[in-house]
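Remarks on the overall topology
Letter by letter, the chains look like this.
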Amino acid sequence: MKYIASCSFGKDSLAMILTIIKHGLPLDEVIYCEVMYDDEISAEYPEHADFIHNKAIPILELCYGLKVRVLRDTKTYKGLCTSLRVKGKYVGTPLGFPMRLGPWCNKLKMRPIKAYNKEQTDEVHEYVGIAIDEPERLARLTPNKSSPLADYGITEEMAVEICREHFLLSPIYQTQARNGCWFCHNARIGELRDLWKKHPHLWAELREIQAISRVTFKQDYTIFELEERFIKEQAQCE
Ligand code: SF4
């Protein structure tokens, strides 16, 4: 049996790894799947990407002796947004932003993990970072997966503390409630405002995609409308 911990470097997955270490559970490898916006830009917020590559991975490897494997899909978010539809009513037009129901971007994360697990000759047991106070997610666990956080009674709030105590809490939590992709259509308005203010080069990328996309970025807003809203709000505060 090969034991793999799936890690996003968010609070729950890092607390899970620290719990595995504390209780001496078997662990062969930590797997991190990095969705890429394009060949150069990560889907992670820049602060989180920096934390992952320059702090968390070195700590796990050098201080805890763990092996961290970074997986990436061959496709990128931008590559898919700008690819042309090959069938349907809008054939020949760019795919644009994902639809909100059943978005294709999830595959960029899940596909490399599934492919990697399939490549293994040993049976794989996967640890996932789900806290004990997330019953709906726990109920969906399949027999080859387990949640060390739930097994040891750790809540989401406790996970934050565990990471903080070990200097492994990502700075992303200073501004974001969750650590999704910076281009996530599920991001809250406040999180998008933060992206617009702090990372104009990333916002400019979203403008480019909106310009060719039939689908609006959020259900009620195009990227241009969001920008208009943020500019107005800023002007009111000045
Ligand atoms: S976080 Fe959002 S953008 Fe990223 S894969 Fe999930 S749904 Fe898609």
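Note: the structure precedes this text.
A few words on the overall build of the chain. The number of helices and strands found in the chain is 10 helices and five strands. For the chain, whose C-alpha radius of gyration is 19 Å, the value lies close to the compact-globule estimate of 18 Å for 238 residues. In terms of principal-axis extent, the alpha carbons of the chain reach across some 50 × 50 × 35 Å. A separation threshold of at least 6 residues defines the contact pool for the chain, and within that pool the share at least 24 residues apart is 63%.

Within the open sheet, the five strands sit side by side as β3-β2-β1-β4-β5. Their pairing is parallel. Two strands in the sheet have a free side with no partner beyond their single neighbour: β3 (68-71) and β5 (145-146). Where strand β1 (residues 2-6) and strand β4 (residues 124-127) come together, four bridges link them in parallel fashion. Paired with A5 across the two strands is Y127, which belongs to β4.

As a structural note, the neighbourhood of the ligand is formed by V35, A43, P103, C105, N106, K109, G180, C181, F183, C184 and N186. Counted by class, the shell around the ligand contains seven nonpolar, three polar and one charged residues.

The subject of this paragraph is the nonpolar core. One finds A5, C7, L14, A15, I17 and L149 to be the most contacted residues of the largest nonpolar core, which totals 53 residues. Counting residues per element, this core draws most heavily on helix α1 (residues 11-22), which supplies six residues. With residues up to four places along the chain from it excluded, the contact list for A5 reads M16, I17, I20, L27, V30 and Y127.

For A187, the position within the fold is in the loop between α7 (156-165) and α8 (189-198). In this structure the C-alpha to C-alpha distance between A187 and K218, which are 31 residues apart in sequence, comes to 9.0 Å. A187 has contacts with G180 and L192, leaving out every residue within four places of it along the chain.

Attention now goes to the pairing of β3. Two faces, one strand: in a regular strand the side chains alternate between the faces of the sheet. Of the strand pairs in this sheet, strand β2 (residues 29-33) and β3 are connected by four bridges, and their pairing is parallel. Counterpart to I31 in the pairing with β3 is R69. Once you follow β2 into helix α2 (residues 46-63) and on to β3, the crossover reads as right-handed.

Here F9, not a glycine, exhibits a phi torsion of approximately 70°, which is positive. Mapped onto the fold, F9 is located in the loop between β1 and α1. Even without a glycine there, the phi angle at F167 is positive, about 55°.

The next point concerns the packing of α1 against α7. At a closest axis distance of 8 Å, the pairing of α1 and α7 adopts a crossing angle of 70°. With respect to each other, α1 and α7 are oriented roughly perpendicular. Handedness of the α1/α7 crossing: left-handed. Residue-level contacts link K11, D12, L14, A15 and L18 of α1 to E156, A159, V160, I162 and C163 of α7. Of the residues that constitute the contact of α1 with α7, the class distribution is seven nonpolar, no polar and three charged.

What counts, and where the lines are drawn
- Residues numbered from 1 in each chain as written.
- Predicted model: local features only at pLDDT ≥ 70, side-chain atom pairs only at ≥ 80, totals over all residues.
- Helix = DSSP H or I, 4+ residues; strand = E, 2+ residues; numbered from the N terminus.
- Rg over C-alpha atoms; globule rule 2.2 N^0.38 Å.
- Contact = placed C-beta atoms within 7 Å.
- Pairing = 2+ DSSP bridges.
- Near = placed C-beta within 6 Å.
- Nonpolar A, V, L, I, M, F, W, Y, C, P; charged D, E, K, R; others polar.
- Core = buried A, V, L, I, M, F, W, Y, C linked by C-beta atoms within 7 Å.
- Buried ≥ 20, exposed ≤ 12 C-beta atoms within 10 Å, placed from the backbone.
- Right-handed = clockwise from strand over helix to strand, strands pointing away.
- Axes fitted to C-alpha atoms, helices over the stretch in contact; angles between N-to-C directions.
- Parallel < 35°, antiparallel > 145°, perpendicular 65-115°, else oblique.
- Left-handed = near helix turned anticlockwise from the far one by under 90°.

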